[in-house]
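Reading the structure
So the chains spell out like this:
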Amino acid sequence: QVQLVESGGGLVQAGGSLRLSCAASGSIFSINAMGWYRQAPGKQRELVAAITSGGSTNYADSVKGRFTISRDNAKNTVYLQMNSLKPEDTAVYYCAADDRYGNPYWGQGTQVTVSS
């Protein structure tokens, strides 16, 4: 089992920045990829960014050039640096991970609100 705890959400004005953190605990040796998803009211949950254990990354088109995902394996933590935030980035952001067996894990979510 893997436990994920997010932090770093909040309220920011458009054009501002936030950094989200996600600390993993438990069976961390089994973690494969980690990533961030978000869900805005009335919308489906969508992938924002992901990073493999080897450091390969991918991003949603809507955040490319503005968001950066990184991973500190020594601290078992993944980060999402969000710059040039827009009101449409407002959502609950969820940390996610999967293990070598394909089991998915989710954090509890952290609210990000971008005011115009």
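Let me sum up the structure you'll find in this document. Here the structure is a predicted model, which is why all the values come from computation and not from measurement.

**Regarding the overall build of the chain**
For the chain, the helix and strand inventory stands at zero helices and eleven strands. In the chain, the succession of helices and strands from N to C terminus is β-β-β-β-β-β-β-β-β-β-β. The principal-axis extents of the C-alpha atoms in the chain amount to approximately 40 × 25 × 20 Å. In the chain, which comprises 116 residues, the share counted as buried stands at 42%. A total of about 6000 Å² of accessible surface is found on the chain, and carbon and sulfur atoms cover 47% of it. Charged side chains of the chain number 10 positive and 8 negative; the gap between the two group centres comes to 3 Å.

**Quick notes on the environment of Arg 45**
Turning to its location among the elements, Arg 45 is positioned in the loop between β4 (31–39) and β5 (46–51). A relative accessible area of 35% places Arg 45 in the partly exposed class. In this structure, the C-alpha to C-alpha distance between Arg 45 and Val 92, residues 47 residues apart in sequence, is 9.1 Å. Leave out the neighbours within four places in its chain, and Arg 45 touches Tyr 37, Arg 38, Gln 39, Tyr 94 and Trp 106.

**Examining the sheet that holds strand β8 (residues 77–82)**
The sheet built from four strands is open, its strands ordered β1-β3-β8-β7 with antiparallel pairing. Of all the strands in the sheet, the pair left with one neighbour each is β1 (2–7) and β7 (67–72). For this sheet, the mean inter-axis angle between neighbouring strands, taken without regard to orientation, is 15 degrees. Direction of pairing for strand β3 (residues 18–26) relative to β8: antiparallel, over a ladder of six bridges. The residue of β8 that forms the bridge with Arg 19 is Gln 81.

**Remarks on the pairing of strand β11 (residues 110–115)**
Because side chains alternate across β11, one face comprises the buried residues Thr 110, Val 112 and Val 114, and the other comprises Gln 111, Thr 113 and Ser 115, none of which is buried. Where strand β2 (residues 10–13) lies against β11, four bridges are found, and the strand directions are parallel. If you follow Gly 10 over to β11, its bridge partner there is Val 112. The pairing of strand β9 (residues 91–99) with β11 spans three bridges and is antiparallel. For Tyr 93, the partnering residue across the bridge sits in β11 and is Thr 110.

Basis of the calculations
Residues numbered from 1 in each chain as written. Predicted model: local features only at pLDDT ≥ 70, side-chain atom pairs only at ≥ 80, totals over all residues. Heavy atoms only, no water. Helix = DSSP H or I, 4+ residues; strand = E, 2+ residues; numbered from the N terminus. Buried < 20%, exposed > 50% of the residue type's maximum accessible area, 1.4 Å probe, protein only. Areas by Shrake-Rupley, 256 points an atom, 1.4 Å probe, with all protein chains shown as cover. Lys, Arg positive; Asp, Glu negative; His and termini not counted. Charge placed at Lys NZ, Arg CZ, Asp CG, Glu CD. Contact = heavy atoms within 4.5 Å. Pairing = 2+ DSSP bridges. Axes fitted to C-alpha atoms, helices over the stretch in contact; angles between N-to-C directions.

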